[in-house]
Amino acid sequence: MTRVHFVFRMAAREARASGRRLLLLTGAISVGVAALVAISSFTDNLRNAVEGQSRALLGSDLSFTTRTRPDSTLDRLLDSLAGSAGA
């Protein structure tokens, strides 16, 4: 006997014993899965929207990100670039 066969046999037995509870359980699982998918989709859409708007609000052609504090050489380079661009 395979596991799938066992699962279907147990589901049929539970449906005969208390069909309403099985229907409630199936509905609750379906609603839970739908909620998780909706939240994931909303999160992805929100992240994409914020990313797109942040580029527009930044208003520059170039941005730097770093995990460590930049050294003085990079600071001087950035200052010279800002000065030459008229910022």
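First, a word on scope: everything that follows refers to the structure included in this document. (Residues numbered from 1 in each chain as written. Predicted model: local features only at pLDDT ≥ 70, side-chain atom pairs only at ≥ 80, totals over all residues. Heavy atoms only, no water.)

## Focus on the overall build of the protein
- Along the protein, the regular secondary structure elements total three helices and zero strands.
- Taken from the N to the C terminus, the helices and strands of the protein come in the order α-α-α.
- Expressed as lengths along the three principal axes of its C-alpha atoms, the size of the protein is roughly 80 × 25 × 15 Å.
- Among the 87 residues that make up the protein, the fraction classed as buried is 1%. (Helix = DSSP H or I, 4+ residues; strand = E, 2+ residues; numbered from the N terminus. Buried < 20%, exposed > 50% of the residue type's maximum accessible area, 1.4 Å probe, protein only.)

## What about the environment of S18?
- Locating S18 in the fold gives a position in the loop between α1 (3-17) and α2 (19-58).
- Overall, the relative accessible area of 14% leaves S18 in the buried class.
- Remark: the alpha-carbon pair of S18 and S30, spanning 12 residues in sequence, is separated by 19 Å.

## Things to note about α2
- Over its 40 residues, α2 runs 58 Å from end to end, which matches the ideal 58 Å to within 8%, given 1.5 Å per residue.
- Of the residues trailing α2, G59 is marked for its positive phi of about 65 degrees. (Expected span 1.5 Å × (residues − 1).)

## Digging into a nonpolar patch on the surface
- A contiguous nonpolar surface patch, about 380 Å² in accessible area, is contributed by L25, I29, V33 and V37.
- Position of I29 relative to the elements: it lies in helix α2. (Patch = residues over 30% accessible without salt bridge, like charges linked within 9 Å, V, L, I, M, F, W, Y side chains within 5 Å. Areas by Shrake-Rupley, 256 points an atom, 1.4 Å probe, with all protein chains shown as cover. Salt bridge = Lys/Arg side-chain N within 4 Å of Asp/Glu carboxyl O.)

## Notes on the packing of α1 against α2
- Running from N to C, α1 and α2 point in directions that differ by 120 degrees, and their axes come no closer than 5 Å. By the criterion of interaxial angle, the relationship of α1 to α2 is oblique. Note on element contacts: α2 touches α1 through G19, R21 and L22, opposite A11, E14, A15 and A17.
- Classifying every residue of the contact of α1 with α2 gives four nonpolar, one polar and two charged. (Axes fitted to C-alpha atoms, helices over the stretch in contact; angles between N-to-C directions. Parallel < 35°, antiparallel > 145°, perpendicular 65-115°, else oblique. Contact = heavy atoms within 4.5 Å. Nonpolar A, V, L, I, M, F, W, Y, C, P; charged D, E, K, R; others polar.)

## Here we look at the pattern of salt bridges
- In total, this model carries two salt bridges according to the counting rule given.
- As a salt-bridge pair, R47 and D44 come within 3.7 Å of each other at their nearest N and O atoms. Here R47 pairs with D44, and both are found in helix α2, just three residues apart, close to one helical turn.

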